[in-house]
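Residue-level structure breakdown
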Amino acid sequence: MQASVPSFSSTTGTTRALVLAVQPQLRSDAQHHASCQELEALAKTLGFEVVEVRSQKRTSASRDTYVGAGSLKDLADFLNGPGPDASVTKTWSRSDEAPVDLVLVNDTLSPKLQRRLERALDVEVIDRSGVILEIFERRARTRQARLEVEIARLRYELPRLRDDTTKRGRQGGGGRGEQGDTIVSLGKQRIRMRITTLEAELSGLQTAGHVRKRRRQDVFQVALVGYTNAGKSSLMRGLTGNEVLVEDQLFATLDTTVRQLSPVPSPPVVVADTVGFIQDLPHELVASFRSTLDEAGDADLLLLVLDASDSVWTSHLEVTSETLAELDIDPSRIQLVFNKCDRLDDDERAALLEGHPDAVLTSAHDRDALASLRQMILDVQERGLCEELVGLPHEHGALRAEVHAKARVLSEKHDAWGSVLHVLARPEHLERWHDLLAVDLSGATEVLESSWNHGFELDAAGDLSESGLLEAKD
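Attention here is on the structure that accompanies the text. (Residues numbered from 1 in each chain as written. Predicted model: local features only at pLDDT ≥ 70, side-chain atom pairs only at ≥ 80, totals over all residues. Heavy atoms only, no water.)

**Some thoughts on the nonpolar core**
Soluble globular proteins: nonpolar side chains tend toward being buried together. With 41 residues, the main nonpolar core has Leu104, Val131 and Phe338 as its most contacted residues. Filtering out sequence-adjacent residues up to four positions away, Val131 remains in contact with Leu39, Leu42, Leu46, Leu104 and Ile126. Ranked by size, the runner-up nonpolar core spans 22 residues in total, among them Ala230, Met236, Leu239 and Leu303. (Core = buried A, V, L, I, M, F, W, Y, C linked by side-chain atoms within 4.5 Å. Buried < 20%, exposed > 50% of the residue type's maximum accessible area, 1.4 Å probe, protein only. Contact = heavy atoms within 4.5 Å.)

**Quick notes on the sheet that holds strand β9 (residues 269-273)**
In spatial order, the strands read β8-β9-β7-β10-β11-β12; together these 6 strands make up an open sheet with mixed pairing. At either margin of the open sheet sits one strand with a lone partner, and together these are β8 (257-260) and β12 (360-361). Bridge count for strand β10 (residues 301-307) against strand β11 (residues 334-339) is 6 bridges, and the pairing is parallel. Bridging from a neighbouring strand, Val305 pairs with Val337 of β11. Contacts from helix α12 (residues 367-383) reach β7 (220-226), β9, β10, β11 and β12, with the element oriented near 155 degrees to β10. (Pairing = 2+ DSSP bridges. Helix = DSSP H or I, 4+ residues; strand = E, 2+ residues; numbered from the N terminus. Axes fitted to C-alpha atoms, helices over the stretch in contact; angles between N-to-C directions.)

**Remarks on the packing of helix α2 (residues 69-80) against helix α3 (residues 111-121)**
Relative orientation of the contacting elements α2 and α3 amounts to 50 degrees, with a least axis distance of 9 Å. Taken together, the axis directions place α2 and α3 in an arrangement best described as oblique. Contacts from Leu72, Leu75, Ala76, Leu79 and Asn80 of α2 reach α3 at Leu117, Ala120 and Leu121. A class-by-class count of the residues in the contact of α2 with α3 yields 7 nonpolar, 1 polar and no charged. (Parallel < 35°, antiparallel > 145°, perpendicular 65-115°, else oblique. Nonpolar A, V, L, I, M, F, W, Y, C, P; charged D, E, K, R; others polar.)

**A short note on the sheet that holds strand β2 (residues 49-57)**
Taken in spatial order, the 4 strands of this open sheet run β2-β1-β3-β4, and their pairing is parallel. For this open sheet the edge positions go to β2 and β4 (124-127), each flanked by a neighbour on one side alone. Neighbour-to-neighbour, the strand axes of this sheet turn through a mean angle of 25 degrees, independent of strand direction. Relative to β2, strand β1 (residues 16-23) runs parallel, the two being bridged by 8 bridges. Looking at β2, one finds that Leu20 is bridged to Arg54. Across the face of the sheet, α2 comes into contact with β1, β2 and β3 (102-105) while running at roughly 160 degrees to β2. Against the sheet, α3 engages β3 and β4, with an angle of about 145 degrees to β4.

**Digging into the packing of aromatic side chains**
For the structure on display, the rule yields 1 aromatic pair. Taken together, a centroid distance of 5.0 Å and an interplanar angle of 85 degrees make the contact between Trp313 and Phe338 edge-to-face. Placement of the pair is Trp313 in helix α10 (residues 313-326) and Phe338 in strand β11, with a sequence separation of 25 residues. For the pair shown, Trp313 and Phe338 are each scored as buried. Its end group placed over the ring of Phe78, Arg54 keeps NZ or CZ at 4.7 Å from the ring centre. Over the aromatic face of Tyr156 sits the side chain of Arg160, whose NZ or CZ is 3.8 Å from the ring centroid. (Phe/Tyr/Trp six-rings, centres within 6.5 Å; stacked < 30°, edge-to-face > 60°. Lys NZ or Arg CZ within 6 Å of the ring centre and 35° of its normal.)

**A few points about helix α5 (residues 143-157)**
Between the first and last C-alpha of α5 there are 21 Å, a value that for 15 residues agrees with the 21 Å anticipated at 1.5 Å per step. Where α5 is concerned, the buried positions are Ala145, Leu147, Glu148, Val149, Ile151, Ala152, Arg153, Leu154, Tyr156 and Glu157. (Expected span 1.5 Å × (residues − 1).)

**Re the side chain of Thr274**
By secondary structure assignment, the location of Thr274 is in the loop between β9 and α8 (283-291). A distance of 2.7 Å separates the side chain of Thr274 from the backbone oxygen of Leu224, its partner in a polar contact. (Polar contact = N/O pair within 3.5 Å; in protein donor to acceptor, adjacent residues only side chain to side chain.)

**Some details on unusual backbone geometry**
A cis amide bond, omega -5 degrees, links Ser262 with the succeeding residue Pro263. As for its placement among the helices and strands, Pro263 is situated in the loop between β8 and β9. The omega angle of the peptide bond from Ser266 to Pro267 is 0 degrees, so this bond is cis rather than trans. With respect to the helices, strands and loops of the structure, Pro267 is situated in the loop between β8 and β9. Notably, Tyr66 is not glycine yet its phi reads approximately 65 degrees, a positive angle. For Tyr66, the position within the fold is in the loop between β2 and α2. Judged by its relative accessible area of 1%, Tyr66 falls in the buried class. With a phi angle near 55 degrees, Asp122 is a residue other than glycine that sits in the positive phi range. Its place among the elements puts Asp122 in the loop between α3 and β4. Under the relative-accessibility criterion, Asp122 is labelled partly exposed at 47%.

Spelled out as structure tokens, the structure:
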């Protein structure tokens, strides 16, 4: 089922939109202004031109007219001209080009209220949820993302069939004088069956995705999380050297992208760019949105990226932090990163550090700042590594290659028996290697244990010659 975004446009070739918003009593002017700006940015992402923003302060939005009845009439007069009983002369007719092609409402509307507004204004009305759903549909690339968005779209459209006057009437005979099912009920049945089919396919894809994630569990993982358009994709490109999609639009990418940190360190580090956060996410998309954050839940380090040049970054921090808390992510794994700091002056930078002394200030366009961010990642990784000696006979070439691939080898000594590697590695890797050596080298292990019991230990700094392999403890 397709979105309700209009296919028409003005004579200029651009779909013109008017934003209609209600500012609740408990929402500050700054928060409300940022929310309206956000909807304008969403509209721009769809290619719409917002020609006007109309806002009204109310205790809450009206269930019948959204804005007040008088404000709704004024808007209808603006869009369609005053009625025949009005004293003001009508300045244009419906045959002329209308001031706007559609109205975007900065809230999620009930199906009934959306229909009422469309009848009152005689123009298509799209609520905030509909706009976001359309963007998700256009941006989804992988099969899993497309399935999740289609399910969300169908759930969004399902209750809206109720007020569709073009689908009234009945079809088929129920027998014994029954009138049969209504076209609306048949349409809902088809939607529910389609959702069931899509969910079954999605479940299979998610299982395959879990297998791929398990393969990366033994690698240090970094996840970029934060508000949409905070510059996460730009940081991703700077940290990994890969060409990832970078656009100055909301939700430029929906699918989680995973790349290796570049230059590749030892042990390696992978970086995942997740979908951006946003206020008032449609509840139909919450499950889809959170599934894309699985990478964040599994990550060893989360970089919470904020646009330092955005005047409402504190609100963005609040939205992101609340969502991460709902996902039960350990706050100790979260590192605050202020991006786009090249747009700030020295006083503004100092103010950020004063309020958040543990934060990292960076810019995707500053090589030195990116290098500092990369070093911070490596420092965090190293805190989770253990320093040990691993003794390997020459016949274990495959295991030796694995050690070099997954550990940082600080030094290496060789003799006729084999090699001793002084390494920094993850605890799970060391445990696996010790288990393999305990099984395959039981004879050698017994000799080493016996030597230890007699007061000898392996000297990492010594030469593995007959005289230097073992050194007395006392």
